[in-house]
Amino acid sequence: MKRKTNKKLIIGSVLLSIACIVLSLFEIYNSRKSYIRQYEKNMEMYLESMLSNGEYLAQKENVEFTEAMIHTIEEEFPTSSQMFCLVGKENTILFLRDQVMTEELYDTTVADYIGFGEENNIKNGIINSTKVRIYKNARYRVTRIDKETESGLITVAICTQETYMLKSGNFDMLMQHLLV
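Conventions used here
- Residues numbered from 1 in each chain as written.
- Predicted model: local features only at pLDDT ≥ 70, side-chain atom pairs only at ≥ 80, totals over all residues.
- Heavy atoms only, no water.
- Phe/Tyr/Trp six-rings, centres within 6.5 Å; stacked < 30°, edge-to-face > 60°.
- Helix = DSSP H or I, 4+ residues; strand = E, 2+ residues; numbered from the N terminus.
- Buried < 20%, exposed > 50% of the residue type's maximum accessible area, 1.4 Å probe, protein only.
- Lys NZ or Arg CZ within 6 Å of the ring centre and 35° of its normal.
- Core = buried A, V, L, I, M, F, W, Y, C linked by side-chain atoms within 4.5 Å.
- Contact = heavy atoms within 4.5 Å.
- Salt bridge = Lys/Arg side-chain N within 4 Å of Asp/Glu carboxyl O.
- Expected span 1.5 Å × (residues − 1).
- Patch = residues over 30% accessible without salt bridge, like charges linked within 9 Å, V, L, I, M, F, W, Y side chains within 5 Å.
- Areas by Shrake-Rupley, 256 points an atom, 1.4 Å probe, with all protein chains shown as cover.
- Polar contact = N/O pair within 3.5 Å; in protein donor to acceptor, adjacent residues only side chain to side chain.

A. Structural detail: the packing of aromatic side chains. Counting across every chain of the model gives two aromatic pairs. Measuring from centroid to centroid gives 5.7 Å for Tyr 46 and Phe 77, while their planes differ by 40°, and the two rings are tilted. In this pair, Tyr 46 is assigned in helix α1 (residues 2-61) and Phe 77 in the loop between α2 (65-76) and β1 (83-89), connecting sequence segments 31 residues apart. On the accessibility criterion, Tyr 46 (27% relative accessible area) is partly exposed. For Phe 77, a relative accessible area of 6% puts it in the buried group. If you follow Lys 147 out to its NZ or CZ, it ends over the ring of Phe 65, 5.8 Å from the centre.

See the structure below:
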């Protein structure tokens, strides 16, 4: 009788442990999704702010919007190889990360680099975030807007490498806390 009770306790403990591990993994997955969703919302607001600054600068300096956006990005955006901006006009990349990278990819189009807006269900004038494989086939979160202006279709995007995004937000530490 004691052996049956011990067996039941062991089986119950194993089943409870497996259930706890599965629920913890599910919670980590949901936390990751939630973190990425919140990060994308923040980038969408940041892009909106940069667009406003670019429009203001274009009116103030009486220059083309794309030129003002490039200047705004160079002055305000913390560019790195893991997080950078793109400005395109009529599917031509005008600016990508910095002048050196822009010159290296002079024959690459916006559609080749981050995909075409309509194919990714990005509507004209609406900021949206998508997951794209770019730059050495790494996963990036691309927050972009495709906007029709008098001078043509303008694309402005913020590209953030997914692993960098998770590291910069201390997501690894959050996972450790959750597992404990």
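B. View of the nonpolar core. Core analysis: the largest hydrophobic core is formed by 23 residues, its most contacted members being Leu 47, Leu 51, Met 69, Ile 73, Phe 77 and Val 156. Secondary-structure elements contributing two or more residues to this core are α1, α2, β1, β5 (152-161) and α5 (162-168). A total of six residues in this core trace back to one element, the largest contributor, which is α1. With residues near it in sequence (within four places) discarded, Ile 73 still touches Met 50, Cys 85, Val 87 and Phe 95. Formed by 16 residues, the second largest nonpolar core is a distinct cluster that contains Leu 86, Val 110, Val 132 and Cys 159.

C. Up close: the pattern of salt bridges. Under the definition given, this model contains seven salt bridges. Notably, a salt bridge pairs Arg 141 with Glu 40, separated by 3.0 Å at the nearest N-O pair. Here Arg 141 is found in strand β4 (residues 138-149), whereas its partner Glu 40 is found in helix α1, with 101 residues between them in sequence. By relative accessible area, which is 13% here, Arg 141 ends up buried. Classification of Glu 40 as buried rests on a relative accessible area of 13%. With a shortest N-O distance of 2.5 Å, Glu 55 and Lys 147 are connected by a salt bridge. With Glu 55 in helix α1 and Lys 147 in strand β4, this pair connects stretches of sequence that are 92 residues apart. The exposure class of Glu 55 is partly exposed, given its relative accessible area of 33%. By relative accessible area, Lys 147 is classed as partly exposed at 25%.

D. A look at α2. Under the 1.5 Å per step criterion, the end-to-end length of α2 is 16 Å for twelve residues, consistent within 8% with the ideal 16 Å. Those residues of α2 lying buried are Phe 65, Thr 66, Ala 68, Met 69, Ile 70, Thr 72 and Ile 73.

E. Spotlight on a nonpolar patch on the surface. On the surface, Ile 10, Val 14, Ile 18 and Val 22 cluster together to form a nonpolar patch covering roughly 360 Å² of accessible area. Along the chain, the position of Val 14 falls in helix α1. Judged by its relative accessible area of 43%, Val 14 is partly exposed.

F. Structural detail: the environment of Tyr 140. Looking at the element boundaries, Tyr 140 is found in strand β4. As a C-alpha pair, Tyr 140 and Thr 163 span 23 residues in sequence and 8.4 Å in three-dimensional space.

G. Highlighting the side chain of Asp 146. Considering the arrangement of structural elements, one finds Asp 146 in strand β4. A polar contact of 3.0 Å, which involves the side chain of Asp 146, links it to the side chain of Arg 144. Among the polar contacts made by the side chain of Asp 146, one reaches the side chain of Thr 155 at a distance of 2.6 Å.

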